[in-house]
Amino acid sequence: MYSDKVMDHFSNPRNVGEIENADGIGMVGNAKCGDIMKMFIKVEKNVITDVKFKTFGCGAAIATSSMSTEMVKGKTIEEAMALTNKAVAEALDGLPTQKIHCSMLAEEAIHAAIEDYKKKQQQGD
Ligand code: FES
């Protein structure tokens, strides 16, 4: 049912944890299943230099959080904003249809962390 990549990222999630003094934090949840994902980003000169996550959720949510952190690390804010759940699912060699919504959490959490970063930037001006 799950690809080797999903199993790998689920068993060995990359970038788990929190970033102290993160430049942006995004927390999202899925009301139906109750799963929660929190993303922390560090930004330097418009580039995401570090990203960590904490996910209280299903295996697919953990695998997609892990993959999405790898996909946005080293990317500019604009590139990271363009990340879609579809791209994350494809990078994992696909997800079962009933698990696609889990990958939405990863996209939303990254976007929420970036929005938080932008808001903080504006407040700092
Ligand atoms: Fe809730 Fe996967 S079942 S995120």
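Look above for the structure.
First things first, this report covers the structure right here in the doc. Please read all numbers here as calculations on a predicted model, not as lab measurements. (Residues numbered from 1 in each chain as written. Predicted model: local features only at pLDDT ≥ 70, side-chain atom pairs only at ≥ 80, totals over all residues. Heavy atoms only, no water.)

Some points on the overall build of the protein
Counting its secondary structure elements, the protein contains five helices and three strands. On C-alpha atoms alone, the protein measures out to a radius of gyration of 14 Å, which is about the 14 Å that the 2.2 N^0.38 rule sets for 125 residues. Within the protein, contacts between residues at least 6 apart in sequence are counted, and of these 63% link residues at least 24 apart. Carbon and sulfur atoms provide 52% of the accessible area of the protein, an area that totals close to 6,600 Å². Of the side-chain charges in the protein, 15 are positive and 18 negative, and the distance between the mean point of each set is 2 Å. (Helix = DSSP H or I, 4+ residues; strand = E, 2+ residues; numbered from the N terminus. Rg over C-alpha atoms; globule rule 2.2 N^0.38 Å. Contact = heavy atoms within 4.5 Å. Areas by Shrake-Rupley, 256 points an atom, 1.4 Å probe, with all protein chains shown as cover. Lys, Arg positive; Asp, Glu negative; His and termini not counted. Charge placed at Lys NZ, Arg CZ, Asp CG, Glu CD.)

Examining helix 5 (residues 100–124)
Count 3.6 residues to each turn of an α-helix, and residues three or four apart come out pointing the same way. Between the first and last C-alpha of helix 5 there are 37 Å, a value that for 25 residues agrees with the 36 Å anticipated at 1.5 Å per step. Along helix 5, the residues classified as buried are C102, S103, L105, A106, E107, A109, I110, H111, A113, I114, D116 and Y117. (Expected span 1.5 Å × (residues − 1). Buried < 20%, exposed > 50% of the residue type's maximum accessible area, 1.4 Å probe, protein only.)

Examining the sheet that holds strand 3 (residues 47–56)
Within the open sheet, the three strands sit side by side as 1-2-3. Their pairing is antiparallel. At either margin of the open sheet sits one strand with a lone partner, and together these are strand 1 (24–29) and strand 3. Across the sheet, the mean angle from the axis of one strand to that of its neighbour is 15°, orientation sign disregarded. Alignment of strand 1 against strand 2 (residues 36–44), held across six bridges, turns out to be antiparallel. Each bridged residue has a counterpart across the sheet, and for V28 the counterpart in strand 2 is M37. Packing of helix 2 (residues 59–72) onto the sheet brings it into contact with strand 2 and strand 3, and relative to strand 3 it is tilted by some 175°. Relative to strand 1, helix 5 is tilted by about 145°, and along the sheet it contacts strand 1, strand 2 and strand 3. (Pairing = 2+ DSSP bridges. Axes fitted to C-alpha atoms, helices over the stretch in contact; angles between N-to-C directions.)

Observations concerning the pairing of strand 1
Judged by which residues are buried, strand 1 turns out to be one-sided: G24, G26 and V28 face inward and are buried, whereas I25, M27 and G29, on the alternate face, are not. Between strand 1 and the antiparallel strand that follows it, strand 2, lie six residues; G34 among them carries a positive phi value of about 85°.

Comments concerning the nonpolar core
For soluble globular proteins, nonpolar side chains are generally found buried alongside one another. Ranked by size, the top nonpolar core spans 30 residues in total, and within it M37, M39, I41, I48, V72 and I114 carry the most contacts. When contributions to this core are tallied by element, the ones reaching two or more residues are strand 2, strand 3, helix 2, helix 3 (77–81), helix 4 (85–91) and helix 5. Among the elements that line this core, the one with the most residues is helix 5, at eight residues. Each residue touching M37, except ones within four places of it in the same chain, is listed here: G26, M27, V28, K54, T55, A61, T64, S65, C102, L105, A106 and A109. (Core = buried A, V, L, I, M, F, W, Y, C linked by side-chain atoms within 4.5 Å.)

Let's talk about unusual backbone geometry
Although it is not a glycine, N21 adopts a positive phi angle of roughly 55°. Of note, N21 is situated in the loop between helix 1 (4–11) and strand 1.

Focus: a nonpolar patch on the surface
Together, M27, I36 and F56 give the surface a local cluster of nonpolar side chains, amounting to about 340 Å² of exposed area. Here F56 shows up in strand 3. (Patch = residues over 30% accessible without salt bridge, like charges linked within 9 Å, V, L, I, M, F, W, Y side chains within 5 Å. Salt bridge = Lys/Arg side-chain N within 4 Å of Asp/Glu carboxyl O.)

Some words on the pattern of salt bridges
The full count for this structure, using the stated rule, is seven salt bridges. With a closest N to O distance of 2.6 Å, K54 and E18 form a salt bridge. With K54 in strand 3 and E18 in the loop between helix 1 and strand 1, this residue pair connects regions lying 36 residues apart in the sequence. Residue classification places K54 among the partly exposed residues on the basis of a relative accessible area of 41%.

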